[in-house]
Amino acid sequence: MRLSQYFMPILRDDPKEAEIVSHKLMLRAGMVRQEAAGNYSWLPMGFRVLKKIEQIVREEQDRAGALEVLMPTIQPAELWKKSGRYDAYGKEMLRIKDRHDREMLYGPTNEEMITDIFRQGVQSYKDLPRNLYHIQWKFRDEVRPRFGVMRGREFLMKDAYSFDVSREAGQHSYNKMFVSYLRTFARLGLKAVPMRAETGPIGGSDSHEFLVLADTGESGVFFDGDFHEMDWGKVEVDYDDAGAVAKLVERFTSKYAATDEKHDAAEFERRVPAAKRMTGRGIEVGHIFFFGTKYSEPLGCEVQGADGKKVAVQSGSYGIGVSRLVGGIIEASHDDAGIIWPEAVAPFQVGLINLKVGDAASDEACLKIYQALQAKGVDVLFDDKDGGAGGKFAAMDLIGLPWQVIIGPRGLKDGIAEVKCRKTGARENVALDQVVGRFTA
Ligand code: 5CA
(Lines give C-alpha, C1' and ligand atoms only; values in the text may rest on other atoms or scores of the structure.)
Protein backbone atom coordinates (compact mmCIF):
# COMPACT_ATOMS: atom_id res chain seq x y z
CA MET A 1 0.00 0.00 0.00
CA ARG A 2 1.25 3.43 -0.94
CA LEU A 3 0.78 6.07 1.73
CA SER A 4 -0.01 8.55 -1.04
CA GLN A 5 -3.11 6.45 -1.80
CA TYR A 6 -4.00 5.51 1.77
CA PHE A 7 -6.39 6.98 4.32
CA MET A 8 -4.61 7.44 7.62
CA PRO A 9 -5.64 10.72 9.24
CA ILE A 10 -2.81 11.19 11.75
CA LEU A 11 -3.17 13.68 14.60
CA ARG A 12 -0.10 15.53 15.72
CA ASP A 13 -1.32 16.31 19.23
CA ASP A 14 -2.92 14.23 21.93
CA PRO A 15 -6.69 14.34 21.62
CA LYS A 16 -8.18 15.89 24.76
CA GLU A 17 -10.99 13.38 25.14
CA ALA A 18 -8.63 10.40 25.57
CA GLU A 19 -7.64 9.41 29.10
CA ILE A 20 -5.52 6.32 28.46
CA VAL A 21 -2.62 5.69 26.17
CA SER A 22 -4.27 3.16 23.84
CA HIS A 23 -7.19 5.49 23.18
CA LYS A 24 -4.83 8.39 22.52
CA LEU A 25 -2.66 6.36 20.18
CA MET A 26 -5.59 4.86 18.27
CA LEU A 27 -6.96 8.34 17.60
CA ARG A 28 -3.55 9.80 16.80
CA ALA A 29 -2.69 6.97 14.42
CA GLY A 30 -5.99 7.42 12.60
CA MET A 31 -7.25 3.93 13.45
CA VAL A 32 -10.73 4.86 14.65
CA ARG A 33 -13.09 7.77 14.85
CA GLN A 34 -15.74 8.23 17.53
CA GLU A 35 -19.26 8.65 16.15
CA ALA A 36 -21.13 8.73 19.46
CA ALA A 37 -20.21 7.76 23.02
CA GLY A 38 -18.69 4.29 22.86
CA ASN A 39 -19.44 3.99 19.18
CA TYR A 40 -16.62 3.96 16.62
CA SER A 41 -15.89 3.87 12.94
CA TRP A 42 -12.91 1.70 12.10
CA LEU A 43 -10.61 3.40 9.61
CA PRO A 44 -8.34 1.38 7.29
CA MET A 45 -5.41 0.99 9.68
CA GLY A 46 -7.58 0.08 12.67
CA PHE A 47 -9.73 -2.24 10.62
CA ARG A 48 -6.69 -4.22 9.43
CA VAL A 49 -5.67 -4.88 13.03
CA LEU A 50 -9.21 -5.78 14.03
CA LYS A 51 -9.40 -8.32 11.19
CA LYS A 52 -6.05 -9.86 12.10
CA ILE A 53 -7.10 -10.35 15.71
CA GLU A 54 -10.46 -11.73 14.58
CA GLN A 55 -8.70 -14.26 12.33
CA ILE A 56 -6.43 -15.55 15.10
CA VAL A 57 -9.42 -15.89 17.42
CA ARG A 58 -11.28 -17.76 14.66
CA GLU A 59 -8.40 -20.15 13.93
CA GLU A 60 -8.11 -21.14 17.58
CA GLN A 61 -11.87 -21.61 17.95
CA ASP A 62 -11.86 -23.84 14.87
CA ARG A 63 -8.88 -25.77 16.16
CA ALA A 64 -10.75 -26.47 19.40
CA GLY A 65 -13.64 -27.89 17.37
CA ALA A 66 -16.07 -24.98 17.57
CA LEU A 67 -18.23 -24.29 14.49
CA GLU A 68 -18.66 -20.77 13.16
CA VAL A 69 -22.14 -19.36 12.57
CA LEU A 70 -23.46 -15.82 12.26
CA MET A 71 -26.49 -14.63 14.16
CA PRO A 72 -28.07 -11.23 13.53
CA THR A 73 -27.33 -8.18 15.65
CA ILE A 74 -31.06 -7.47 16.05
CA GLN A 75 -33.03 -10.04 18.05
CA PRO A 76 -36.72 -10.49 18.83
CA ALA A 77 -37.64 -9.88 22.49
CA GLU A 78 -39.68 -13.10 22.88
CA LEU A 79 -36.76 -15.38 23.61
CA TRP A 80 -35.48 -13.03 26.28
CA LYS A 81 -38.86 -12.98 27.93
CA LYS A 82 -38.75 -16.78 28.17
CA SER A 83 -35.34 -16.79 29.85
CA GLY A 84 -36.36 -13.98 32.18
CA ARG A 85 -33.54 -11.73 31.09
CA TYR A 86 -35.63 -9.21 29.14
CA ASP A 87 -36.43 -7.33 32.33
CA ALA A 88 -33.30 -8.34 34.23
CA TYR A 89 -30.97 -6.76 31.68
CA GLY A 90 -32.41 -3.32 32.43
CA LYS A 91 -31.13 -0.16 30.82
CA GLU A 92 -28.03 -1.79 29.43
CA MET A 93 -30.16 -3.33 26.68
CA LEU A 94 -30.95 -1.20 23.65
CA ARG A 95 -34.63 -1.83 22.92
CA ILE A 96 -36.11 -1.17 19.52
CA LYS A 97 -39.60 -1.37 18.02
CA ASP A 98 -40.09 -2.27 14.39
CA ARG A 99 -42.81 -0.79 12.13
CA HIS A 100 -45.31 -3.39 13.34
CA ASP A 101 -44.63 -2.36 16.93
CA ARG A 102 -42.85 -5.63 17.62
CA GLU A 103 -40.31 -5.53 20.41
CA MET A 104 -36.77 -6.08 19.22
CA LEU A 105 -33.37 -5.46 20.76
CA TYR A 106 -29.77 -5.01 19.68
CA GLY A 107 -28.11 -8.15 21.07
CA PRO A 108 -25.82 -7.66 24.07
CA THR A 109 -25.04 -11.41 23.96
CA ASN A 110 -26.63 -14.51 22.38
CA GLU A 111 -27.36 -17.27 24.93
CA GLU A 112 -31.10 -17.25 24.22
CA MET A 113 -30.89 -17.22 20.44
CA ILE A 114 -28.25 -19.90 20.14
CA THR A 115 -30.05 -22.14 22.63
CA ASP A 116 -33.19 -21.83 20.52
CA ILE A 117 -31.27 -22.57 17.32
CA PHE A 118 -29.76 -25.61 18.93
CA ARG A 119 -33.09 -26.80 20.37
CA GLN A 120 -34.60 -26.86 16.89
CA GLY A 121 -31.67 -28.65 15.30
CA VAL A 122 -30.86 -31.46 17.70
CA GLN A 123 -32.85 -34.29 19.26
CA SER A 124 -30.46 -36.95 20.51
CA TYR A 125 -27.47 -37.22 22.81
CA LYS A 126 -25.70 -38.65 19.76
CA ASP A 127 -25.65 -35.14 18.28
CA LEU A 128 -23.64 -33.84 21.23
CA PRO A 129 -21.22 -32.36 22.10
CA ARG A 130 -21.37 -29.27 19.90
CA ASN A 131 -19.91 -25.82 20.23
CA LEU A 132 -21.18 -22.98 18.03
CA TYR A 133 -19.62 -19.53 17.91
CA HIS A 134 -19.88 -16.29 16.04
CA ILE A 135 -17.95 -13.06 15.80
CA GLN A 136 -20.52 -10.31 15.77
CA TRP A 137 -21.14 -6.75 16.95
CA LYS A 138 -22.88 -6.33 20.28
CA PHE A 139 -24.52 -3.33 21.89
CA ARG A 140 -24.58 -2.64 25.61
CA ASP A 141 -25.75 0.73 26.76
CA GLU A 142 -22.95 1.00 29.32
CA VAL A 143 -23.39 3.54 32.12
CA ARG A 144 -19.91 4.85 31.42
CA PRO A 145 -18.48 4.06 28.03
CA ARG A 146 -14.83 5.08 28.20
CA PHE A 147 -11.27 4.37 27.26
CA GLY A 148 -12.10 4.24 23.56
CA VAL A 149 -12.74 0.75 22.23
CA MET A 150 -11.93 -0.79 25.62
CA ARG A 151 -15.36 -0.07 27.03
CA GLY A 152 -17.54 0.71 24.09
CA ARG A 153 -21.26 0.50 23.66
CA GLU A 154 -21.05 -1.13 20.24
CA PHE A 155 -18.19 -3.64 20.27
CA LEU A 156 -17.06 -6.78 18.48
CA MET A 157 -17.23 -9.99 20.49
CA LYS A 158 -16.46 -13.59 19.77
CA ASP A 159 -19.03 -15.63 21.65
CA ALA A 160 -19.09 -19.41 21.69
CA TYR A 161 -21.72 -21.67 23.22
CA SER A 162 -21.22 -25.31 24.19
CA PHE A 163 -23.91 -27.99 24.41
CA ASP A 164 -23.37 -31.25 26.28
CA VAL A 165 -25.40 -34.13 27.62
CA SER A 166 -23.81 -34.29 31.08
CA ARG A 167 -22.10 -32.05 33.61
CA GLU A 168 -18.89 -34.00 33.07
CA ALA A 169 -18.95 -33.63 29.30
CA GLY A 170 -19.77 -29.94 29.78
CA GLN A 171 -16.68 -29.56 31.93
CA HIS A 172 -14.54 -30.92 29.09
CA SER A 173 -16.07 -28.39 26.69
CA TYR A 174 -15.31 -25.63 29.21
CA ASN A 175 -11.73 -26.86 29.58
CA LYS A 176 -11.20 -26.94 25.82
CA MET A 177 -12.25 -23.31 25.56
CA PHE A 178 -9.99 -22.49 28.50
CA VAL A 179 -7.02 -23.97 26.63
CA SER A 180 -7.99 -22.32 23.36
CA TYR A 181 -7.97 -18.98 25.19
CA LEU A 182 -4.44 -19.58 26.49
CA ARG A 183 -3.38 -20.32 22.91
CA THR A 184 -5.26 -17.38 21.40
CA PHE A 185 -3.84 -14.77 23.75
CA ALA A 186 -0.31 -16.19 23.44
CA ARG A 187 -0.56 -15.89 19.66
CA LEU A 188 -1.66 -12.28 20.08
CA GLY A 189 1.55 -11.62 21.99
CA LEU A 190 -0.27 -11.28 25.31
CA LYS A 191 0.02 -12.84 28.73
CA ALA A 192 -3.58 -13.12 29.83
CA VAL A 193 -3.90 -14.58 33.32
CA PRO A 194 -7.00 -16.71 33.95
CA MET A 195 -8.73 -15.63 37.15
CA ARG A 196 -11.74 -16.69 39.16
CA ALA A 197 -14.52 -14.24 38.43
CA GLU A 198 -18.07 -13.14 39.12
CA THR A 199 -20.65 -14.42 36.65
CA GLY A 200 -22.76 -11.23 36.56
CA PRO A 201 -25.80 -11.11 34.28
CA ILE A 202 -24.70 -14.18 32.30
CA GLY A 203 -25.02 -16.32 35.43
CA GLY A 204 -23.77 -19.81 36.22
CA SER A 205 -21.52 -21.57 38.67
CA ASP A 206 -18.06 -21.63 37.20
CA SER A 207 -16.36 -18.73 35.50
CA HIS A 208 -12.92 -17.47 34.62
CA GLU A 209 -11.87 -14.12 33.29
CA PHE A 210 -8.66 -13.72 31.29
CA LEU A 211 -6.86 -10.53 32.20
CA VAL A 212 -3.98 -8.74 30.55
CA LEU A 213 -1.89 -6.96 33.14
CA ALA A 214 -1.84 -3.19 32.57
CA ASP A 215 -1.89 -0.21 34.92
CA THR A 216 -4.89 1.21 33.12
CA GLY A 217 -6.99 -1.95 33.56
CA GLU A 218 -10.43 -1.57 35.10
CA SER A 219 -10.09 -4.53 37.47
CA GLY A 220 -7.84 -4.90 40.48
CA VAL A 221 -6.01 -8.25 40.34
CA PHE A 222 -4.30 -10.47 42.90
CA PHE A 223 -2.22 -13.40 41.70
CA ASP A 224 0.60 -15.81 42.34
CA GLY A 225 3.94 -14.66 40.93
CA ASP A 226 4.38 -18.16 39.49
CA PHE A 227 2.23 -17.00 36.59
CA HIS A 228 5.16 -14.97 35.36
CA GLU A 229 7.14 -18.18 34.92
CA MET A 230 4.47 -20.23 33.18
CA ASP A 231 4.91 -21.64 29.71
CA TRP A 232 2.47 -19.36 27.88
CA GLY A 233 3.93 -19.74 24.46
CA LYS A 234 3.78 -23.51 24.26
CA VAL A 235 0.29 -24.62 25.13
CA GLU A 236 -0.05 -27.84 23.15
CA VAL A 237 -2.55 -30.56 23.93
CA ASP A 238 -4.75 -33.10 22.17
CA TYR A 239 -8.22 -31.60 22.53
CA ASP A 240 -9.83 -35.05 22.42
CA ASP A 241 -7.85 -36.22 25.43
CA ALA A 242 -10.13 -35.03 28.25
CA GLY A 243 -7.64 -36.05 30.94
CA ALA A 244 -4.72 -34.20 29.39
CA VAL A 245 -6.84 -31.09 28.79
CA ALA A 246 -8.07 -31.13 32.40
CA LYS A 247 -4.54 -31.49 33.68
CA LEU A 248 -3.34 -28.52 31.65
CA VAL A 249 -6.23 -26.37 32.88
CA GLU A 250 -5.51 -27.45 36.42
CA ARG A 251 -1.95 -26.18 36.14
CA PHE A 252 -3.37 -22.71 35.65
CA THR A 253 -6.41 -22.84 37.92
CA SER A 254 -4.57 -24.34 40.89
CA LYS A 255 -2.60 -21.12 41.32
CA TYR A 256 -4.22 -18.25 43.14
CA ALA A 257 -5.50 -15.55 40.79
CA ALA A 258 -8.60 -13.44 41.35
CA THR A 259 -10.11 -10.13 40.35
CA ASP A 260 -11.08 -7.74 43.16
CA GLU A 261 -14.68 -8.95 43.02
CA LYS A 262 -13.70 -12.47 44.04
CA HIS A 263 -10.51 -11.76 45.95
CA ASP A 264 -10.17 -13.39 49.37
CA ALA A 265 -7.28 -11.76 51.26
CA ALA A 266 -7.02 -14.52 53.87
CA GLU A 267 -6.84 -17.24 51.25
CA PHE A 268 -4.29 -15.24 49.24
CA GLU A 269 -2.02 -15.05 52.30
CA ARG A 270 -2.50 -18.69 53.14
CA ARG A 271 -1.77 -20.02 49.66
CA VAL A 272 0.87 -17.66 48.29
CA PRO A 273 4.18 -16.87 50.01
CA ALA A 274 4.61 -13.14 50.66
CA ALA A 275 7.36 -12.67 48.07
CA LYS A 276 5.12 -14.08 45.34
CA ARG A 277 1.96 -12.12 46.11
CA MET A 278 1.40 -9.93 43.09
CA THR A 279 -1.21 -7.18 42.91
CA GLY A 280 -1.98 -4.83 40.09
CA ARG A 281 -4.57 -3.99 37.50
CA GLY A 282 -5.83 -5.92 34.52
CA ILE A 283 -7.91 -5.65 31.35
CA GLU A 284 -10.54 -8.35 30.91
CA VAL A 285 -10.08 -9.64 27.38
CA GLY A 286 -12.01 -12.89 27.75
CA HIS A 287 -14.62 -14.43 30.00
CA ILE A 288 -15.85 -18.01 30.09
CA PHE A 289 -18.91 -19.32 31.91
CA PHE A 290 -20.38 -22.68 32.76
CA PHE A 291 -24.05 -22.31 33.57
CA GLY A 292 -25.48 -25.82 33.17
CA THR A 293 -29.19 -25.70 32.40
CA LYS A 294 -29.84 -22.02 33.16
CA TYR A 295 -30.96 -21.30 29.58
CA SER A 296 -31.74 -24.78 28.28
CA GLU A 297 -34.48 -25.36 30.89
CA PRO A 298 -36.59 -22.23 30.34
CA LEU A 299 -36.10 -22.49 26.57
CA GLY A 300 -36.93 -26.21 26.48
CA CYS A 301 -33.62 -27.27 24.98
CA GLU A 302 -33.58 -31.02 25.67
CA VAL A 303 -32.17 -34.10 24.05
CA GLN A 304 -32.96 -37.74 24.38
CA GLY A 305 -30.31 -39.34 26.62
CA ALA A 306 -28.78 -42.81 26.14
CA ASP A 307 -31.43 -44.20 28.52
CA GLY A 308 -34.22 -42.83 26.35
CA LYS A 309 -35.15 -40.10 28.85
CA LYS A 310 -35.14 -36.42 27.96
CA VAL A 311 -32.50 -34.29 29.63
CA ALA A 312 -31.93 -30.56 29.58
CA VAL A 313 -28.70 -29.72 27.80
CA GLN A 314 -25.67 -28.53 29.81
CA SER A 315 -24.19 -25.31 28.48
CA GLY A 316 -21.47 -22.77 28.80
CA SER A 317 -20.64 -19.55 26.99
CA TYR A 318 -17.26 -18.17 26.10
CA GLY A 319 -16.55 -14.56 25.17
CA ILE A 320 -13.56 -12.70 23.79
CA GLY A 321 -13.57 -8.93 23.41
CA VAL A 322 -12.19 -8.72 19.87
CA SER A 323 -12.42 -4.91 19.50
CA ARG A 324 -11.30 -4.42 23.13
CA LEU A 325 -8.18 -6.42 22.31
CA VAL A 326 -7.02 -3.77 19.86
CA GLY A 327 -6.76 -1.32 22.76
CA GLY A 328 -5.56 -4.00 25.17
CA ILE A 329 -2.63 -4.95 22.95
CA ILE A 330 -1.60 -1.30 22.66
CA GLU A 331 -1.79 -0.88 26.45
CA ALA A 332 0.59 -3.83 26.75
CA SER A 333 2.89 -2.80 23.90
CA HIS A 334 3.82 0.85 23.29
CA ASP A 335 6.48 3.43 24.17
CA ASP A 336 6.72 7.22 24.20
CA ALA A 337 6.90 7.35 20.40
CA GLY A 338 3.78 5.28 19.77
CA ILE A 339 2.41 1.80 19.21
CA ILE A 340 4.62 -1.30 18.96
CA TRP A 341 2.56 -3.95 17.17
CA PRO A 342 3.35 -7.60 17.81
CA GLU A 343 4.09 -9.19 14.42
CA ALA A 344 0.98 -11.36 14.49
CA VAL A 345 -1.48 -8.46 14.50
CA ALA A 346 0.50 -5.65 12.87
CA PRO A 347 -1.48 -3.85 10.14
CA PHE A 348 1.60 -4.09 7.90
CA GLN A 349 4.84 -5.93 8.60
CA VAL A 350 7.11 -3.33 7.02
CA GLY A 351 7.05 0.44 6.65
CA LEU A 352 9.15 1.50 3.67
CA ILE A 353 10.29 5.12 3.88
CA ASN A 354 11.52 7.11 0.90
CA LEU A 355 13.47 9.96 2.47
CA LYS A 356 13.80 11.91 -0.76
CA VAL A 357 10.78 11.62 -2.99
CA GLY A 358 11.63 13.03 -6.41
CA ASP A 359 15.26 11.91 -6.28
CA ALA A 360 15.48 9.44 -9.16
CA ALA A 361 17.78 6.95 -7.44
CA SER A 362 15.71 6.94 -4.22
CA ASP A 363 12.43 6.58 -6.09
CA GLU A 364 13.80 3.71 -8.14
CA ALA A 365 15.36 1.81 -5.21
CA CYS A 366 12.15 2.16 -3.17
CA LEU A 367 9.91 1.04 -5.99
CA LYS A 368 12.03 -2.03 -6.57
CA ILE A 369 11.92 -3.07 -2.92
CA TYR A 370 8.23 -2.22 -2.64
CA GLN A 371 7.34 -4.39 -5.60
CA ALA A 372 9.60 -7.24 -4.52
CA LEU A 373 8.12 -7.28 -1.00
CA GLN A 374 4.62 -7.31 -2.41
CA ALA A 375 5.50 -10.10 -4.81
CA LYS A 376 6.68 -12.15 -1.80
CA GLY A 377 3.43 -11.50 0.04
CA VAL A 378 4.91 -9.20 2.69
CA ASP A 379 2.43 -6.53 3.83
CA VAL A 380 4.20 -3.24 3.26
CA LEU A 381 3.16 0.37 3.74
CA PHE A 382 5.25 2.54 1.43
CA ASP A 383 5.72 6.15 2.52
CA ASP A 384 6.07 7.66 -0.94
CA LYS A 385 4.82 11.08 0.13
CA ASP A 386 6.84 14.22 -0.15
CA GLY A 387 7.85 15.42 3.29
CA GLY A 388 10.58 15.95 5.85
CA ALA A 389 12.49 13.05 7.40
CA GLY A 390 11.51 14.00 10.96
CA GLY A 391 7.80 13.85 10.23
CA LYS A 392 8.15 10.57 8.36
CA PHE A 393 10.06 8.91 11.22
CA ALA A 394 7.63 10.19 13.83
CA ALA A 395 4.60 8.95 11.88
CA MET A 396 6.16 5.55 11.26
CA ASP A 397 7.05 5.15 14.95
CA LEU A 398 3.55 6.26 15.92
CA ILE A 399 1.76 3.65 13.81
CA GLY A 400 4.11 1.00 15.17
CA LEU A 401 4.84 -1.36 12.25
CA PRO A 402 7.38 -3.98 13.42
CA TRP A 403 10.01 -3.08 10.78
CA GLN A 404 11.08 0.06 8.96
CA VAL A 405 13.15 0.14 5.80
CA ILE A 406 14.64 3.58 5.31
CA ILE A 407 16.04 4.62 1.96
CA GLY A 408 17.76 7.90 1.13
CA PRO A 409 20.49 9.31 -1.10
CA ARG A 410 23.21 8.97 1.54
CA GLY A 411 22.83 5.23 1.99
CA LEU A 412 22.20 4.64 -1.68
CA LYS A 413 25.68 5.92 -2.52
CA ASP A 414 26.98 2.83 -0.70
CA GLY A 415 24.18 0.61 -1.97
CA ILE A 416 22.51 0.22 1.42
CA ALA A 417 19.21 0.73 3.18
CA GLU A 418 18.67 1.10 6.90
CA VAL A 419 16.47 -1.50 8.58
CA LYS A 420 15.02 -0.53 11.94
CA CYS A 421 13.29 -2.78 14.44
CA ARG A 422 10.46 -0.79 16.02
CA LYS A 423 10.47 -2.80 19.23
CA THR A 424 14.16 -2.60 20.13
CA GLY A 425 15.03 0.51 18.15
CA ALA A 426 18.02 -1.38 16.71
CA ARG A 427 19.17 -0.09 13.32
CA GLU A 428 21.19 -2.00 10.81
CA ASN A 429 22.66 -1.24 7.40
CA VAL A 430 21.58 -3.82 4.88
CA ALA A 431 22.71 -4.12 1.26
CA LEU A 432 19.83 -3.20 -1.06
CA ASP A 433 19.70 -6.64 -2.65
CA GLN A 434 19.45 -8.30 0.78
CA VAL A 435 16.53 -6.26 2.12
CA VAL A 436 13.69 -8.36 0.76
CA GLY A 437 15.32 -11.58 1.98
CA ARG A 438 15.25 -10.19 5.52
CA PHE A 439 11.49 -10.40 5.56
CA THR A 440 10.91 -13.57 3.61
CA ALA A 441 13.44 -15.96 5.17
N1 5CA B 1 -22.11 -14.33 26.64
C2 5CA B 1 -20.96 -14.18 27.50
C3 5CA B 1 -19.82 -14.96 27.02
S4 5CA B 1 -19.88 -15.29 25.36
C5 5CA B 1 -20.61 -12.72 27.63
O6 5CA B 1 -21.27 -11.87 27.10
N7 5CA B 1 -19.56 -12.45 28.38
S8 5CA B 1 -19.01 -11.02 28.79
O9 5CA B 1 -20.07 -10.16 29.16
O10 5CA B 1 -18.01 -11.22 29.79
O11 5CA B 1 -18.33 -10.40 27.53
C12 5CA B 1 -17.30 -11.11 26.88
C13 5CA B 1 -16.12 -10.21 26.60
O14 5CA B 1 -16.53 -9.10 25.80
C15 5CA B 1 -15.50 -9.56 27.82
O16 5CA B 1 -14.56 -10.43 28.42
C17 5CA B 1 -14.85 -8.33 27.25
O18 5CA B 1 -13.55 -8.66 26.75
C19 5CA B 1 -15.74 -7.97 26.10
N20 5CA B 1 -16.61 -6.84 26.46
C21 5CA B 1 -17.65 -6.84 27.32
N22 5CA B 1 -18.20 -5.62 27.42
C23 5CA B 1 -17.48 -4.82 26.58
C24 5CA B 1 -17.56 -3.43 26.23
N25 5CA B 1 -18.49 -2.63 26.74
N26 5CA B 1 -16.66 -2.95 25.33
C27 5CA B 1 -15.72 -3.75 24.79
N28 5CA B 1 -15.61 -5.06 25.09
C29 5CA B 1 -16.47 -5.58 25.98
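Scroll up a little and you will see the structure.
The buried fraction of strand 11 (residues 219-224) amounts to five of the six residues, a majority that puts the element mostly inside the structure. Note: strand 11 against strand 13 (residues 277-292), six bridges, orientation antiparallel. Bridge pairing in strand 13 places F222 opposite T279. Summarising the sheet, strand 11 and strand 12 (residues 257-259) pair through three bridges and their orientation is antiparallel. Each residue of the ladder has a partner; that of F223, found in strand 12, is A257.

With that out of the way, let us pick up the pattern of salt bridges. Counted under the stated rule, the structure contains 33 salt bridges. With a closest N to O distance of 2.9 Å, E111 and R85 form a salt bridge. With E111 in helix 5 (residues 111-121) and R85 in helix 4 (residues 85-88), this pair connects stretches of sequence that are 26 residues apart. You'll find E111 and R85 in the same group, each marked buried. When the shortest N-O distance is used, the salt bridge between K255 and D226 registers 3.4 Å. Residue K255 is located in the loop between helix 7 (242-253) and strand 12, and its partner D226 is located in the loop between strand 11 and helix 7; the two are separated by 29 residues in the primary sequence. Under the relative-accessibility criterion, K255 is labelled partly exposed at 26%. Through salt bridges with shared partners, a single network forms among E59, E60, R63, R183, R187 and E236.

Moving on, we get to the site of the ligand. Taken together, 22 residues lie around the ligand, and T109, E111, R140, E142 and E284 are the ones closest in. Note that an oxygen atom of the ligand is positioned 2.4 Å from one of the side-chain N or O atoms of E284. Within the backbone of V285, an N or O atom sits 3.4 Å from an oxygen atom of the ligand. Alone, the ligand offers 600 Å² of accessible surface; in the complex the protein occludes 96% of this. Considering every element that reaches the shell around the ligand, the biggest residue donor is strand 13, with five residues. For the shell around the ligand, a count of residues per class yields eight nonpolar, seven polar and seven charged.

As summarised here, the arrangement of the three strands in space is 4-6-5, forming an open sheet in which the pairing is antiparallel. Strands at the two margins of the open sheet, each flanked by one partner only, are strand 4 (74-76) and strand 5 (94-97). Ignoring strand direction, the axes of neighbouring strands in this sheet form an average angle of 35 degrees. The pairing of strand 4 with strand 6 (residues 103-106) spans three bridges and is classified as antiparallel. Within the sheet, the bridge partner assigned to Q75 lies in strand 6 and is L105.

It is worth spelling out the packing of helix 2 (residues 44-63) against helix 6 (residues 167-187) at this point. Contact geometry for helix 2 and helix 6: axes closest at 9 Å, N-to-C directions at 150 degrees. Viewed along their axes, helix 2 and helix 6 adopt a mutual orientation that is roughly antiparallel. Regarding helix 2 and helix 6, the two cross each other, and that crossing is right-handed. Residues I56, V57, E59, E60, Q61 and R63 of helix 2 touch helix 6, and the partners they reach there are M177, S180, Y181, R183, T184 and R187. Considering only residue class, the contact of helix 2 with helix 6 consists of four nonpolar, three polar and five charged.

So, how was this worked out
- Residues numbered from 1 in each chain as written.
- Predicted model: local features only at pLDDT ≥ 70, side-chain atom pairs only at ≥ 80, totals over all residues.
- Heavy atoms only, no water.
- Buried < 20%, exposed > 50% of the residue type's maximum accessible area, 1.4 Å probe, protein only.
- Helix = DSSP H or I, 4+ residues; strand = E, 2+ residues; numbered from the N terminus.
- Pairing = 2+ DSSP bridges.
- Salt bridge = Lys/Arg side-chain N within 4 Å of Asp/Glu carboxyl O.
- Near = heavy atom within 4 Å.
- Polar contact = N/O pair within 3.5 Å; in protein donor to acceptor, adjacent residues only side chain to side chain.
- Areas by Shrake-Rupley, 256 points an atom, 1.4 Å probe, with all protein chains shown as cover.
- Nonpolar A, V, L, I, M, F, W, Y, C, P; charged D, E, K, R; others polar.
- Axes fitted to C-alpha atoms, helices over the stretch in contact; angles between N-to-C directions.
- Parallel < 35°, antiparallel > 145°, perpendicular 65-115°, else oblique.
- Left-handed = near helix turned anticlockwise from the far one by under 90°.
- Contact = heavy atoms within 4.5 Å.

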